[in-house]
Amino acid sequence: MDLPHISDSLGIVHPICIERGRNAEVWDEQGKHYVDFVGGIGVLNLGHGHPDVIEAVKAQVDTLMHSAFNALPHRGYLAVARALDAFVPVSYPLSCMLTNSGAEATENALKIARAATGRQGVIAFDDGFHGRTLAALNLNGKVKPYKNRLGALPGPVHHLPFPSRDCDVDADTAMAALARLFEVEIPADEVACIIVEPVQGEGGFRLLCADFAARLRALCEARGIVLIFDEIQSGFGRTGRRFAFSHLGVEPDLLLMGKSMAAGLPLAAVAGKAELMDAPPKGGLGGTYSGNAVACAAALAVMNVMREECLADWSERQETAVLAAYRDWRSSGRYPMLGEITGVGAMRGIVFEDTPQASGAEHLAALLAAAREEGLLLMPSGRRRNVLRLLPPLTAEFEVLNEGLARLERALKRLTPQPNSC
């Protein structure tokens, strides 16, 4: 695929150019049809071109396209803030600021935590991902490709192993690592915040251990540390609930949102307790495009569509289909590279293991190419890029979802010699 005038530093997963999309389907410039299990990397939980979002966006364009909120406030921004207070399931009144992207939300959360605590230290987790801007980069729990050739990054940042049923790290191991960190690396009273994804996205769709989350919540309260949950990818219904932290039984002090928040328009947010959000000085938070009026209209439509009962139904339908297909593939014994399934609800990953023929990453790379030829678009994840992440829209029609899974099975068959039927 020819990409004139585009930096070679952008990594392109699929060398095609899509022209149009409808819910879970897209068509490229040559008219070839694909089932889309990438979903804009978690942006399109409501699919391509949800009619309610389109209607809201068109109406907004006719009235006001933009106003920089910190210069001239507009009602769309205020309405989103009010809607988030009702939409986010926390026990305290929510205060927020809107941003353009998840990375910008992360950066502002770091500013807020520093201002509120007077501390600088940050604790993040192995395999985590929080953005590509400079301070966010240092939070990420792997070097390649994000931190190569960049030298020292803003800090101090310290990393812990991520405890999950989806890996070999348990709550006791992670808590012991945290205790060691406080004894050897940085005292607890110099830590401003701990940032963690309730379900890791780039890390391979791994659900945080609920026992660890409860112990972490208690520790943060005892030590005056701000607990930040990054739900940029796992939020807005991906796991069957509005936000994945509901699976853990604990609340964050600050919550990062983005991706599916505005169904494809650039909008994100950092929100949380007012005493934290109010800590920076007047004018310390803001941004020219943050809370664009059209993006706000889209976000209001998204939250109106994402009623709790709808999210549960969509997630259950998708989870049932994915798990049934996966179990059939595993039980058949035909695909030795297939490892465990990770995640929760409709946020699912499949680990690809090494075999004598190839590494897990090589198997997955081959699958992505084979699936694309079959008309299915997929996305890798994991530290070794050996975890297939499945991100079809929650609203995918039953027959389209099943067709996507059938295409995935056909792609798997192309990776392995099939038994002779004669």
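See the structure printed just above.
Here's a quick rundown of the structure.

The rules behind each value
Residues numbered from 1 in each chain as written. Predicted model: local features only at pLDDT ≥ 70, side-chain atom pairs only at ≥ 80, totals over all residues. Heavy atoms only, no water. Helix = DSSP H or I, 4+ residues; strand = E, 2+ residues; numbered from the N terminus. Rg over C-alpha atoms; globule rule 2.2 N^0.38 Å. Buried < 20%, exposed > 50% of the residue type's maximum accessible area, 1.4 Å probe, protein only. Contact = heavy atoms within 4.5 Å. Areas by Shrake-Rupley, 256 points an atom, 1.4 Å probe, with all protein chains shown as cover. Lys, Arg positive; Asp, Glu negative; His and termini not counted. Charge placed at Lys NZ, Arg CZ, Asp CG, Glu CD. Salt bridge = Lys/Arg side-chain N within 4 Å of Asp/Glu carboxyl O. Axes fitted to C-alpha atoms, helices over the stretch in contact; angles between N-to-C directions. Parallel < 35°, antiparallel > 145°, perpendicular 65-115°, else oblique. Left-handed = near helix turned anticlockwise from the far one by under 90°. Nonpolar A, V, L, I, M, F, W, Y, C, P; charged D, E, K, R; others polar. Pairing = 2+ DSSP bridges. Arc of directions from axis to C-beta. Phe/Tyr/Trp six-rings, centres within 6.5 Å; stacked < 30°, edge-to-face > 60°. Core = buried A, V, L, I, M, F, W, Y, C linked by side-chain atoms within 4.5 Å.

## Some details on the overall build of the chain
Phase 1: A count of helices and strands for the chain gives 12 helices and 15 strands.
Phase 2: Radius of gyration (C-alpha) of the chain: 21 Å, near the 22 Å computed for a compact globule of 422 residues.
Phase 3: Overall size of the chain, expressed as C-alpha extent along the three principal axes, is 75 × 60 × 45 Å.
Phase 4: The buried share among the 422 residues of the chain stands at 56%.
Phase 5: Here the analysis covers contacts within the chain between residues at least 6 apart in sequence; of these, 72% occur between residues at least 24 apart.
Phase 6: Here the chain displays about 18300 Å² of accessible surface, and carbon together with sulfur accounts for 52% of that area.
Phase 7: For the chain, the distance from the average position of its 41 positive side-chain charges to the average position of its 49 negative side-chain charges is 2 Å.

## Let's talk about the pattern of salt bridges
Phase 1: Throughout the structure, instances matching the rule amount to 21 salt bridges.
Phase 2: A salt bridge links K142 to E202; the shortest N-O distance between them is 3.1 Å. Placement of K142 in the loop between α5 (134-139) and β6 (157-160) and of E202 in the loop between β7 (191-196) and α7 (210-223) is noted, with a sequence separation of 60 residues between them. The two residues K142 and E202 agree in class, both being buried.
Phase 3: Notably, a salt bridge pairs R407 with E403, separated by 2.8 Å at the nearest N-O pair. Of this pair, R407 and E403 both sit in helix α12 (residues 398-415), separated by four residues, roughly a single helical turn.
Phase 4: Using a relative accessible area of 29% as the deciding quantity, one classes E403 as partly exposed.

## Digging into the packing of helix α2 (residues 51-61) against helix α9 (residues 293-305)
Phase 1: Running from N to C, α2 and α9 cross one another at 150°; their axes reach a closest spacing of 8 Å. One way to sum up the angle between α2 and α9 is to call them roughly antiparallel. The two elements α2 and α9 cross, and the hand of that crossing is right-handed. Contacts between α2 and α9 pair D52, V53, A56, V57, Q60 and V61 from the former with A293, V294, A297, A298, A301, V302 and V305 from the latter.
Phase 2: Class assignment of the residues belonging to the contact of α2 with α9 gives a composition of 11 nonpolar, one polar and one charged.

## Let's talk about the pairing of β6
Phase 1: Here strand β5 (residues 121-125) pairs with β6 via four bridges, running parallel. Its bridge partner lying in β6, I123 is registered against H158.

## Quick word on α2
The periodicity of an α-helix, 3.6 residues per turn, causes residues three or four places apart in sequence to face the same way.
Phase 1: Within α2, burial applies to V53, V57 and Q60. Seen from one end, α2 has its buried residues packed into an arc of 65°, which puts them on one side. Residues of α2 that are exposed and angled more than 90 degrees away from the buried face: P51, E55 and K58.
Phase 2: Of the surrounding secondary structure, the elements contacted by the buried residues of α2 are α9.

## Description of the packing of aromatic side chains
Phase 1: The full count for this structure, using the stated rule, is nine aromatic pairs.
Phase 2: With a centroid separation of 5.9 Å and an interplanar angle of 85°, the aromatic rings of F125 and F212 are classed as edge-to-face. Taken as a pair, F125 in strand β5 and F212 in helix α7 lie far apart in primary sequence, 87 residues in all.
Phase 3: Residue F125 is classed as buried on the basis of its relative accessible area of 2%.

## Looking at the sheet that holds strand β3 (residues 33-36)
Strands pair in a sheet through their backbones, by hydrogen bonds, and they do so in one of two ways: parallel or antiparallel.
Phase 1: Taken together, four strands build an open sheet; the order of strands is β1-β2-β3-β13 and the sheet is mixed. Each edge of the open sheet is held by one strand with a lone partner, namely β1 (18-22) and β13 (376-377).

## Some details on the sheet that holds β5
Phase 1: An order of β4-β10-β9-β8-β7-β5-β6 is seen for the seven strands of this open sheet, with the pairing classed as mixed. Sheet topology places β4 (95-99) and β6 at the edges, where each strand pairs with a single neighbour. Ignoring which end each strand starts from, the neighbouring axes of this sheet average 20° apart.
Phase 2: Along the sheet face, helix α3 (residues 75-87) touches β4, β9 (254-257) and β10 (268-272) and points at about 130° away from the line of β4.

## Topic: the nonpolar core
Phase 1: One finds L84, L98, I194, F236, M257 and M261 to be the most contacted residues of the largest nonpolar core, which totals 96 residues.
Phase 2: A325, W329, I350 and L376 belong to the second largest nonpolar core, which has 31 residues in total.

## Things to note about unusual backbone geometry
Phase 1: Geometrically, the link from K144 to P145 is a cis peptide bond, its omega value of -5° lying close to zero.
Phase 2: Mapped onto the elements, P145 comes out in the loop between α5 and β6.
Phase 3: Of note, the amide linkage connecting G155 to P156 takes the cis form, showing an omega dihedral of 0°.
Phase 4: Of note, P156 is situated in the loop between α5 and β6.
Phase 5: Its identity is not glycine, yet R149 carries a phi of approximately 65°, on the positive side.
Phase 6: Structurally, the position occupied by R149 is in the loop between α5 and β6.
Phase 7: On the basis of relative accessible area, R149 is assigned to the exposed category, the value being 87%.

## Here we look at the pairing of β3
Remark: a regular strand shows side chains that alternate across the two faces of the sheet.
Phase 1: Alignment of strand β2 (residues 25-28) against β3, held across three bridges, turns out to be antiparallel. Opposite W27, over in β3, you have H33 as the bridge partner.
Phase 2: A loop of four residues connects β2 with β3, the two strands running antiparallel in sequence, and G31 in this loop sits at a positive phi of about 85°.
Phase 3: The pairing of β3 with β13 spans two bridges and is classified as parallel. Bridge pairing links V35 to L376 in β13.

As far as function goes, none of this settles anything; it's purely spatial.
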